[in-house]
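An overview of the molecular structure
Now for the letters of each chain:
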Amino acid sequence: MIIKKIILLLGLIYLNGCSISGGTIPSDHFYRLPEINAQSVTGQPQILIIKPVRVDGLYHERAILYVDQSEPLEIKRYSYHYWVETPASLIHKYLNGYFKQSVLTHEQPEQKAAHIVLKPTLLNYERIVSDGQADAFVKLHIDLQSSTLKDESFSRTYEARVRASSMTMHDTIGAFGKALDQITKELVNDLLTRKLI
C-alpha cells in the first residue's frame with residue numbers, strides 16, 4: 001500500500017513538473033506555393049496532358065524536408081511545418097497552372113488524343129541549410145511523349161537551387177516557387193526549341 005502511494009506521489013510530482021516547465025506546444029504551420037507568374041509565349045496551341053507527379057519515400061509526406069549541408073546524406077523532417085498538400089500534388093497543380101497561363105497549351109479534352117504528354121518524377125524537394133542561409137532545392141525529371149516526335153521521345157532532368165532572402169520558412173517557400181518557375185521556363189524553352197509548341 002505504501003509503495004502504491006509513493007508511486008502515485010512520484011507520478012503527480014512528474015506531471016506537475018511537466019506542466020510548469022513544458023510551456024506551450026508549438027503551433028502547426030502550413031505552406032502553399034506562391035502565385036504562378038508564367039512567361040507568355042506565342043506558339044501553336046497544343047493538346048497537353050500532365051500525368052500525376054511520381055514520387056518515392058519521404059516525398060509522399062506533407063512535412064517539409066531539409067538537409068544540413070554539413071551532413072548532406074541525411075534528410076530530416078521539420079516538426080510543425082507542413083505543405084498544404086503533398087509535394088506531388090502541389091507540383092502537378094503548378095505545372096498545369098503554368099501552362100494554362102502561358103497560352104501555349106490546354107488540357108486534354110476527353111474525346112481527343114494529346115499532342116504532348118508530360119510524365120514528371122520528383123527527385124528532390126527539400127530545404128538546404130548551411131552557414132545561416134537556406135536554399136530551396138528542386139529536382140524534377142520529365143519524360144515527354146509527343147505525336148509530332150513520332151517514335152522519338154524526350155527525357156531530361158531539371159534542377160534549380162534558389163537562395164532564400166532570409167532564414168524564415170516563409171522566405172524559403174518563396175524560393176521553392178522561384179525554383180519551380182526556373183525549371184518550368186527551361187521546360188517551355190525545350191519545347192519551343194524542338195518546335196513542339
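Scroll up for the structure.
Our subject in this report is the structure included herewith. Every value quoted in this text rests on a predicted model; they were computed, and no experiment measured them.

Turning next to the pattern of salt bridges. This structure, assessed with the given rule, holds 11 salt bridges. Its salt-bridge partner being R163, residue D135 comes within 2.3 Å of it at the nearest N-O pair. Of this pair, D135 sits in strand β7 (residues 133–146) while R163 sits in strand β8 (residues 154–163), and the two are 28 residues apart along the sequence. Residue classification places D135 among the buried positions, given a relative accessible area of 5%. Residue D190 pairs with R194 through a salt bridge whose shortest N-O separation is 3.8 Å. Overlapping salt bridges bring together R156, E186, D190 and R194 as one network.

This part covers the side chain of T121. On the secondary structure map, T121 appears in strand β6 (residues 116–130). At 3.2 Å, the side chain of T121 and the side chain of R54 are in polar contact. The contact partners of T121, leaving out residues within four places of it in the chain, are V53, R54, K139, L140 and H141.

This next bit is on the packing of aromatic side chains. Counted according to the given criterion, the structure contains 7 aromatic pairs. Seen from their ring centres, Y125 and F176 are 4.8 Å apart, and the 50° between their planes marks the pair as tilted. Highlighted residues: Y125 in strand β6 and F176 in helix α3 (residues 169–193), separated in sequence by 51 residues. Considered together, Y125 and F176 belong to a single accessibility category, that of buried residues. One aromatic cluster is present, built from ring pairs that chain together W83, Y125 and F176.

Okay, α3 next. Structurally, the α-helix is built with 3.6 residues per turn, so residues lying three or four positions apart point the same way. The end-to-end C-alpha separation of α3 is 36 Å, in line with the 36 Å expected for 25 residues at 1.5 Å each. Remark: K195 follows α3 within two positions and exhibits a positive phi of approximately 55°.

This part is about the pairing of strand β4 (residues 76–83). As paired elements, strand β1 (residues 29–31) and β4 share 3 bridges and run parallel to each other. Across the sheet, the residue bridging to F30 is Y82, located in β4. Taken together, the 3 bridges between strand β3 (residues 63–68) and β4 define a ladder with antiparallel strand orientation. Bridging across to β4, A63 finds its partner in Y82.

On to the pairing of β3, then. Counted residue by residue, β3 has 5 buried out of 6 residues, so it is predominantly covered. Bridging between β3 and β6 involves 3 bridges; their strand directions are parallel. Residue pairing in the sheet places D68 in a bridge with V129 of β6.

Here the focus is the side chain of D181. Note that D181 resides in helix α3. D181 gets classed as buried once you look at its relative accessible area, which sits at 16%. The residues touching D181, leaving out its near neighbours within four places in the chain, are N37, Y94 and Y98.

This paragraph deals with helix α2 (residues 87–101). In a regular helix each residue adds 1.5 Å, so 15 residues correspond to 21 Å; α2 covers 21 Å between its end C-alpha atoms and thus fits that length. Within α2, burial applies to P87, A88, L90, I91, Y94, L95, N96, G97, Y98 and F99.

The rules behind the values
- Residue indices begin from 1 for each chain and proceed along its sequence in written order.
- Local features in a predicted model are, by the rule used here, given only for residues with pLDDT of at least 70; side-chain atom pairs are given and counted only at 80 or more, and totals for whole chains, interfaces and linings are based on all residues.
- Note that water and hydrogens are dropped before the side-chain values are worked out from all heavy atoms of the structure.
- Salt-bridge detection follows one rule: a side-chain nitrogen of Lys or Arg within 4 Å of a carboxyl oxygen of Asp or Glu.
- Helix numbering and strand numbering both begin at the N terminus, where a helix is a DSSP run of H or I of at least 4 residues and a strand a DSSP run of E of at least 2.
- Accessible area is worked out with a 1.4 Å probe on protein chains only. A residue is then buried under 20% of its type maximum, exposed over 50%, and partly exposed in between.
- Whenever a nitrogen or oxygen atom comes within 3.5 Å of another N or O atom, the pair is scored as a polar contact, on the condition that within protein one atom can donate a hydrogen and the other can accept it, and that pairs from neighbouring residues in sequence are kept only if both atoms are in side chains.
- In this description, contact between two residues means that some pair of their heavy atoms is separated by no more than 4.5 Å.
- Whether two aromatic rings pair depends on their centres lying within 6.5 Å, for rings of Phe, Tyr and Trp, where Trp uses its six-membered ring; planes under 30 degrees apart make the pair stacked, over 60 edge-to-face, and the rest tilted.
- Here the expected length of a helix is defined as 1.5 Å per residue gap, with one fewer gap than residues.
- The pairing criterion is simple: DSSP has to find at least two bridges between the two strands.

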